[in-house]
Each structure stands twice: as structure tokens, then as C-alpha cells.
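Observations on chain architecture
Single-letter residue listing:
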Amino acid sequence: MTGSQDDIRSITASEADAGERLDRWMAAQWPELSRSRCKALVEAGALAVNGEVLTDPAAKLREGHVYTLTVPPLEPAVPKPENIPLDILHEDDALIVINKPAGLTVHPGAGAWTGTLVHALLYHCKGTLSGIGGVERPGIVHRLDKDTSGVLVVAKTDMAHRFLSKQFAKHSVERAYMAFTRGAPRPRSGTVATRIARSTRDRLKMTALDWNSTAGKEAITHYQVLETFGQEAKAPIGTPLAALVECRLETGRTHQIRVHMDHIGHALIADRIYGPQRVSQLKGTPDIPEIKSLGRQALHAAVLGFIHPGTREEMVFETELPEDLQVLHAALKRV
């Protein structure tokens, strides 16, 4: 149920509660809240113990302490239109193609209930969307990570949504990404074929599995090194510090390019999930300011090609590197 005010509730821990893990105990006290929801609320600072905020969901309960939880009202199930500027490459009655900037989340979800591409499209396309699934909303047929920039197509009608979704399912859509990697893959062109599944160690990460594994989904990336930069110290001649790599997707799994490049030993520059801890360094070099200031993985969806659901014409959209990656490119050339 959606409410307009915070729901504040307090419980004093008993002797029997002492030593219990906090999020597990909260879920038992308030069964309408799942344990994961309790954990998220604690980490967001919604729980106070004797008036002091506690953000560790694994903390142990202490007898006689008063635990006060502030539950904010639920977000509306249907996103509201928001006036967010869009870089529109093409628009017609069936679809809209945009050049998504880094930092813009595509779809509402945990941690991004407002300010997403869907909110922006609801505002921009108001009155031109047909009922996709019975609700006036844009049809998201593929996504880009929040911090990946580039070309993205969105359906405006049910028919367009179904037609485009079939193309993505059949892997007939042309998708080329520009990726700046640590070091350069060998051979300079090739294919990475694995299965990709959610990591069992870190839920924020995906992981590459053997092709014959029964877990995960098949993932295929074709790559080609376009340019190399620098020379790794104390390494054989021809061992670059970094490279610009074109990656073409045959499949489209979550974090696919990031996982595959890391899998072959060449994580994307400035990737804080799959790259090394010192993201501002290349191997054996001091900090590079342009990497340190990038603030996102160096990945751009440069080319998107598909068959238009209405005209059946082939459409191909290409975009240049955004300014932040152009700055990085120039810096790598100077290495």
C-alpha cells in the first residue's frame, strides 16, 4: 500500500532477543517486511537504537535497547513523468532512439526510483505511447548499464515492442561498443564465449563460467583491438598499457563486455566492480588524472542496427565517443 507519511515503529529487545542478528530479528518482528527489505532499510539509515542511527544489519541485539524503525512510504508502482533532457537520434510513431549519457539509469529499481530514462520518456512521449502491457509506458527492449553511454532504442507501441524484442532474442541486432581496456587482448581479434551467471560471492557482480557449465546463460562477444597505448614497463616489447577495443555482441547478458574483458585479463579502465582496486593506475604507472576523474567504466555503445518494426527497413545509428571518453583517449595517446 502506498502511503504519504513515514511509518515509525519501536520495539524494546528482550532478554531472549539478545545476541540475535538484527535484520533477521526485524523480519521476525515485522513479518510484512522481508529480511532483504529490513537489511536495505538499516543500511539506508532508517533504524535507530536508543536514538542513535545503526547501519549494520548484522549487528547483534542487546537486551533493553529500544530499536526504532522508520519505514518510508512506498514509491508509486507507476513512474511519474519527469522533465529530463534527452539526446534524441530518431523518433517516429513506433520507436525512439536516444544517445544515453553515462549516469542515467534506464529503468526504475532499487536505489533509482526517480530520475531514470523511463521517467524522461514518459514526459517526452506523453500522449504518443500506446498501452504496452495494458499501461501507458515505454517498451524497454534492451538496457545499458547506468554508467555506460551510447545508443539505445525504446518501443512506443506493443507491436514495436514485440518486433524489436524478437530481434534481440534472435541476436540479429547489430551492437558495437567501444571499450578502453587495461593492456591489450591477445590475439588482437577474437571471440570470448562463456556462460555468465550472478556471482555467488558478490551479488553486484556477474561471473564468467565454462561454456559447458549448467549454470548461467550463454554469452558471446567478438572483439577487435583498434588502437594500443604505451608500453608496459619491464614487459616484452609490444605489451601495451591500454587499448581501444571494439566489442560486438552476439548475445546481451548483464555486464557482458565488462565480464568478458575481465575474464581474459583486460578489465575495462575505471571499472570499479571488475577492475583493480587502484582504478586510476595502469600497470606500473602513477595515477593518471583523466582515469581518476572519469568516474565510470570506459565503455560506450557506439553502433546499434535493427530492422524497423513498421517500415521493415534496416536502420543503423552511430555515435561518437562522449566528451569524457574523448578526454581519456587523448590522455592515453600521451602515455
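Structural data are supplied above this passage.
In what follows, the accompanying structure is described. (Residues numbered from 1 in each chain as written. Predicted model: local features only at pLDDT ≥ 70, side-chain atom pairs only at ≥ 80, totals over all residues. Heavy atoms only, no water.)

**A short note on the sheet that holds strand 1 (residues 7-12)**
Reading across from one edge, 1-4-2-3 is the order of the four strands in this open sheet, with antiparallel pairing throughout. Edge positions in the sheet fall to strand 1 and strand 3 (52-53), since each of these pairs with one other strand and no more. Strand contacts of helix 1 (residues 22-29): strand 1, strand 2 (47-49) and strand 4 (66-71), with the helix running at about 70° to strand 4, the strand carrying the most contacts. Here helix 2 (residues 35-43) sits on the sheet and contacts strand 2 and strand 4; the angle it forms with strand 4, its principal contact strand, is near 95°. (Pairing = 2+ DSSP bridges. Helix = DSSP H or I, 4+ residues; strand = E, 2+ residues; numbered from the N terminus. Contact = heavy atoms within 4.5 Å. Axes fitted to C-alpha atoms, helices over the stretch in contact; angles between N-to-C directions.)

**As for the packing of helix 1 against helix 2**
Relative to each other, helix 1 and helix 2 sit at 120°, their axes nearing to 8 Å. One way to sum up the angle between helix 1 and helix 2 is to call them oblique. Two packed elements cross with a definite hand, and for helix 1 against helix 2 that hand is right-handed. From helix 1, Leu22, Asp23, Arg24, Met26 and Ala27 reach across to helix 2, where they touch Arg35, Cys38, Lys39 and Val42. Looking at the contact of helix 1 with helix 2, its residues break down into five nonpolar, no polar and four charged. (Parallel < 35°, antiparallel > 145°, perpendicular 65-115°, else oblique. Left-handed = near helix turned anticlockwise from the far one by under 90°. Nonpolar A, V, L, I, M, F, W, Y, C, P; charged D, E, K, R; others polar.)

**Quick word on the side chain of His142**
Along the chain, the position of His142 falls in the loop between strand 9 (139-140) and strand 10 (149-155). Only 3.0 Å separates the side chain of His142 from the backbone nitrogen of Val153, close enough to count as a polar contact. (Polar contact = N/O pair within 3.5 Å; in protein donor to acceptor, adjacent residues only side chain to side chain.)

**Some points on the nonpolar core**
Counting 29 residues, the largest nonpolar core has Leu117, Leu152, Val154, Tyr177, Cys247, Ile257 and Met261 as the members making the most contacts within it. Grouped together as the second largest cluster of nonpolar side chains are 20 residues, Ala242, Leu244, Ala270 and Leu328 included. (Core = buried A, V, L, I, M, F, W, Y, C linked by side-chain atoms within 4.5 Å. Buried < 20%, exposed > 50% of the residue type's maximum accessible area, 1.4 Å probe, protein only.)

**Digging into the environment of Leu226**
When you line up the elements, Leu226 lands in strand 14 (residues 217-229). Sequence separation between Leu226 and Val245 is 19 residues, and the spatial gap between their C-alpha atoms is 5.5 Å. Not counting chain neighbours up to four residues away, the residues in contact with Leu226 comprise Met178, Leu244, Val245 and Glu246.

**Notes on the pattern of salt bridges**
With the rule as written, the count across this model stands at 13 salt bridges. Of the charged contacts in the structure, one is a salt bridge between Arg9 and Asp7, with a shortest N-O distance of 2.3 Å. Under the relative-accessibility criterion, Arg9 is labelled buried at 15%. For the salt bridge of Glu290 with Arg334, the shortest nitrogen-to-oxygen distance reads 3.1 Å. Residue Glu290 is located in helix 6 (residues 289-292), and its partner Arg334 is located in helix 7 (residues 323-334); the two are separated by 44 residues in the primary sequence. Put simply, Arg21, Asp23 and Arg35 are held in one network by salt bridges that share partners. (Salt bridge = Lys/Arg side-chain N within 4 Å of Asp/Glu carboxyl O.)

**A word on helix 7**
Between the first and last C-alpha of helix 7 there are 17 Å, a value that for 12 residues agrees with the 16 Å anticipated at 1.5 Å per step. Taken together, the buried positions of helix 7 are Leu325, Leu328, His329, Ala331 and Leu332. Down the axis of helix 7, the smallest arc covering the buried residues is 165°, so these residues share one side. Across from the buried face of helix 7, at angles greater than 90 degrees, the exposed residues are Glu323, Lys333 and Arg334. Looking at the buried side of helix 7, the elements it contacts are strand 11 (174-182), strand 14, strand 15 (242-249), helix 6 and strand 16 (299-307). (Expected span 1.5 Å × (residues − 1). Arc of directions from axis to C-beta.)

**Concerning the pairing of strand 15**
The buried fraction of strand 15 is high, at seven of eight residues. Across seven bridges, strand 11 lies against strand 15 in antiparallel orientation. By the bridge assignment for strand 15, Thr181 is matched with Ala243. Pairing analysis gives eight bridges linking strand 14 to strand 15, with the strands arranged antiparallel. Across the sheet, Val225 pairs through a bridge with Val245, a residue of strand 15.

**Description of unusual backbone geometry**
Here the bond from Arg186 into Pro187 is cis, since omega is 0°, no more than 30 degrees from zero. On the secondary structure map, Pro187 appears in the loop between strand 11 and strand 12 (189-198). Of note in this structure, Asn50 is not a glycine but carries a positive phi near 50°. Mapped onto the secondary structure, Asn50 falls in the loop between strand 2 and strand 3.

By themselves, these figures tell us nothing about what the structure is for.
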